[in-house]
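Structural overview for review
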Amino acid sequence: MRRSFRAQLAMRATLVMAGALALISIASVAALAALLDRRIDASVLNVASIQAASVTDEPSGEMHFHEWELTPEEAGSLSDLIQYAQVWRADGVSLLRSRYMTSDLPLDVGALVRAAEGELVWREGLFEGRHVRVLYYPLDRFGMAHERHVLQVAAPLGNRDQLLRRVGAFLVLLTALGTVATYLGSRWLAARAMRPVHDVIDQAEEIRAGSLDRRIHAYADLKEYRRLVDVLNTMLGRIQGAFEAQRRFTADASHELRSPLTAMRGELEIALRRDRTPEEYRRVLESTLEEAVRLGRVTEDLLILARSDAGVLRGRPEPIDLGEAARRGMAKLETRARSRNVRVTLDLDGDGTAEADPVLFGQIVWNLLENAIEYSPPGGHVRLSVTGCGSEVVLTVEDEGQGFPPGEVDRVFDRFFRADEARARSGGIGLGLSIVKAVVDAHAGSIRAENREDGGARVVVHFPRVASSGDE
């Protein structure tokens, strides 16, 4: 089950805060315990020093403790008073204990032995149901008589433990409250942070196919959201451009397909109004065939462009001699060139071998030469050259016509683009150069169009010798 961004952010922030508060709480309790233990140890050690001195200060050698002048009731009420002291022999025999004690302190034999050897030993345990801190203090430095004697002093830890419990309970409560506050606060902050995103989404959802000219303006002035809004508006601009181009393409294609169909229908309807002579029927059939051929060409061209738009115009590349392929394409248009009194020549320079689809490369040669022949004046000259140059082969087509329209050289590869002069002189539909560019792009090549300085147009195609990895 997917959770909302607000819930995810709140949960993550809550976990982080809860973990941080828990670590701080544990560290705080540990630090407080260490501080209290150091103070208690210092006090116990101080009391042990005083009691050790008092045990040995009698000239007679009789041992006694420095007892506080308290009644048993007063001593019992002062639970934190370090009042428990006892002297042991190294073999575990009790020699002396404080008058406020009714039983022996808990004895750790190992600690007693170590203390008898001159070492200060600390222990914790229970005495009369109370948690105590115990020090084993050697008395050997007070003379030979006390060489094997050990003073045991115990301090009650009740208040220390109670303080730690209270501090721990307070920190647990603080952690719980902090966790709840973090969760609620992070959900509130996440909701406020997501509100601009929802506003942007609402504006984006209102944009339909008929309103692609609209743009998103919500929070476009805020630095944090300016990039998001700019990216979305740029994407909308590209979508609008693609939509408009597709709409123009559909309208132009419909017009070009309708024209031959209308002509064919008109010819057939006229022929069927009355009986005709065989010659008249033949003329109608020839005219209809011409329109059918034209319709087939338009359909084939549109199919190539559709495959290009879909990204499936790959072809089947194989090593071919582009020079020989260009020669075969030029031969197919020889009749067209003679009918227009245009001379076509081919120049070959270097190795023209490259990996290309023969059929698609034939489309390049056919469209470029047909375009150059149609635009050339009677008696003109069209030059076709194929030059091997390093890792690529360059195909160039030049004519001596009027050239491309001024300021519109960059548009000559647009679909259905035709200048007014070309419309009047040619029956083309403006797809030739678009198909050439689509085929060149499918072979990872490049193409450019330009006007010659001495008049006419020039189209240059750079063809890589090795097919791109995306080719099939």
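These numbers come from a predicted model, not from an experiment. Residue positions are given per chain, counting from 1 as you read along its sequence in written order. Local features in this predicted model are restricted to residues of pLDDT 70 or higher, and side-chain atom pairs are both shown and tallied only at a pLDDT of 80 or more, whereas totals for entire chains, interfaces and linings draw on every residue. To obtain the side-chain values, all non-hydrogen atoms of the structure were included, while hydrogens and water were left out.

Looking now at the overall build of the chain. A tally of helices and strands in the chain yields 11 helices and 12 strands. Relative accessibility decides the category of a residue: with a 1.4 Å probe and only protein chains considered, values under 20% of the type maximum give buried, values over 50% give exposed, and everything between is partly exposed. By residue count, 38% of the 472 residues in the chain fall in the buried class. As displayed, the chain offers around 27200 Å² of accessible surface, 56% of which is attributable to carbon and sulfur atoms. Here a strand is any run of E in DSSP of at least two residues, a helix any run of H or I of at least four, and the numbering for each starts at the N terminus. Shrake-Rupley sampling with a 1.4 Å probe provides the accessible areas, and residues are treated as covered by the protein chains on show and by no other component.

Stacked, edge-to-face and tilted labels apply to pairs of Phe, Tyr and Trp rings (six-membered ring for Trp) whose centres lie within 6.5 Å, assigned for plane angles under 30 degrees, over 60, and everything in between, in that order. The full count for this structure, using the stated rule, is two aromatic pairs. With centroids separated by 5.1 Å and ring planes inclined at 70°, the aromatic side chains of tyrosine 84 and phenylalanine 127 adopt a geometry described as edge-to-face. Of this pair, tyrosine 84 sits in strand S1 (residues 84-89) while phenylalanine 127 sits in strand S3 (residues 121-127), and the two are 43 residues apart along the sequence. Exposure remark for phenylalanine 127: the relative accessible area of 3% places this residue in the buried category. For the pair phenylalanine 361 and phenylalanine 463, a centre-to-centre distance of 5.6 Å together with 90° between the ring planes defines the contact as edge-to-face. Of the two residues, phenylalanine 361 sits in helix H9 (residues 358-375) while phenylalanine 463 sits in strand S12 (residues 457-464), which places them 102 residues apart along the sequence. Phenylalanine 463 carries the same exposure label as phenylalanine 361, and that label is buried.

A few words now on the sheet that holds strand S5 (residues 149-156). Two strands qualify as a pair provided DSSP detects at least 2 bridges between them. The antiparallel open sheet is built from five strands, whose spatial order is S2-S1-S5-S4-S3. Each edge of the open sheet carries a strand with a single partner, namely strand S2 (94-97) and S3. If you compare each strand with its neighbour and ignore which way they point, the axes differ by 25° on average. Sheet topology note: the S3/strand S4 (residues 130-138) ladder contains seven bridges and is antiparallel. Among the inter-strand pairings, leucine 126 is bridged to a residue of S4, identified as histidine 131. Interaxial angle, 0 to 180 degrees, is taken between N-to-C directions of lines fitted to C-alpha atoms, where a helix line uses only the stretch in contact.

Turning next to the sheet that holds strand S11 (residues 446-451). Pairing is mixed across the open sheet formed by five strands, whose spatial order is S7-S9-S10-S12-S11. Two strands close off the open sheet at either side, each with one partner strand: strand S7 (343-349) and S11. Adjacent strand axes in the sheet meet at a mean angle of 15° when their direction is disregarded. Where strand S10 (residues 392-398) lies against S12, seven bridges are found, and the strand directions are antiparallel. Each residue of the ladder has a partner; that of glutamate 392, found in S12, is proline 464.

With that settled, consider empty space enclosed by the protein. Cavity: a set of points on a 1 Å grid over the protein atoms alone where a 1.4 Å probe fits but cannot get out. Pocket: an open set with protein on both sides within 12 Å along at least five of seven lines, its lining residues, like those of a cavity, having an atom within 4 Å of a point. Grid points are joined across faces, edges and corners, and a volume is the space filled by probe spheres set on the points. Scanning the model with the defined rule gives one cavity of 30 Å³ or more in all. In this structure, the largest cavity occupies an estimated 70 Å³ of space. Every residue along the wall of the largest cavity is listed here: Leu368, Asn371, Ala372, Tyr375, Val397, Asp399, Phe404, Ala457 and Val459. Of all the secondary-structure elements, those providing two or more residues to the lining of the largest cavity are H9 and S12. The biggest single contributor to the lining of the largest cavity is H9, with four residues. Side-chain classes follow a simple rule in which Ala, Val, Leu, Ile, Met, Phe, Trp, Tyr, Cys and Pro form the nonpolar group, Asp, Glu, Lys and Arg form the charged group, and the remainder, Gly included, forms the polar group. The class makeup of the residues in the lining of the largest cavity is seven nonpolar, one polar and one charged.

Take helix H11 (residues 432-442) next. Taken across its 11 residues, H11 has eight buried, putting it largely inside the fold. Following H11 by one or two positions, alanine 444 has its phi on the positive side, about 60°.

Let us look at the nonpolar core. Formed by 39 residues in total, the largest nonpolar core has its most connected members in Leu322, Phe361, Ile364, Leu368, Leu369 and Leu395. Looking at this core, the elements with two or more residues in it are helix H7 (322-332), strand S8 (353-356), H9, strand S9 (381-389), S10, H11, S11 and S12. The greatest single-element share of this core, amounting to eight residues, is contributed by H9. The criterion used for residue contact is that any of the two residues' heavy atoms lie within 4.5 Å. Sequence-distant contacts of isoleucine 364, defined by excluding residues within four places in its chain, comprise Leu395, Val436, Val439, Val440 and Phe463. Counting 18 residues, the second largest nonpolar core, distinct from the first, contains Ile40, Met63, Phe65 and Leu139. Side-chain atoms within 4.5 Å link the members of a nonpolar core, which is a set of buried Ala, Val, Leu, Ile, Met, Phe, Trp, Tyr and Cys residues.

The next thing to look at is the environment of alanine 53. Counting through the fold element by element, alanine 53 comes out in helix H1 (residues 5-55). The exposure class assigned to alanine 53 is partly exposed, which follows from its relative accessible area of 36%. Separated by 12 residues in the primary sequence, alanine 53 and phenylalanine 65 have C-alpha atoms spaced 8.9 Å apart.

Phi is positive for glutamate 128, close to 55°, though the residue is something other than glycine. Along the polypeptide, glutamate 128 turns up in the loop between S3 and S4. With phi around 60°, asparagine 341 is a residue other than glycine that occupies positive phi space. Along the chain, asparagine 341 turns up in the loop between helix H8 (334-339) and S7.

What makes a salt bridge here is a side-chain nitrogen of Lys or Arg within 4 Å of a carboxyl oxygen of Asp or Glu, nothing more. For the structure on display, the rule yields 20 salt bridges. A salt bridge links glutamate 124 to arginine 133, with the shortest nitrogen-to-oxygen separation between them at 3.3 Å. A relative accessible area of 41% means that glutamate 124 is categorised as partly exposed. By relative accessible area, which is 15% here, arginine 133 ends up buried. Look at the salt bridges and you will find they share partners, linking Glu398, Arg448, Glu450 and Arg458 into a network.

Below, the discussion takes up a nonpolar patch on the surface. Candidates for patches are residues over 30% relative accessible area with no salt bridge; among them, like charges are joined within 9 Å and nonpolar side chains (Val, Leu, Ile, Met, Phe, Trp, Tyr) within 5 Å. On the surface, Leu107, Val109 and Val113 cluster together into a nonpolar patch covering about 230 Å² of accessible area. Counting through the fold element by element, leucine 107 comes out in the loop between S2 and helix H3 (109-116).

Structurally, tyrosine 225 can be placed in helix H5 (residues 223-271). For tyrosine 225, a relative accessible area of 16% gives the class buried. Along the backbone, tyrosine 225 and valine 197 are 28 residues apart, and their C-alpha atoms lie at a distance of 8.3 Å.

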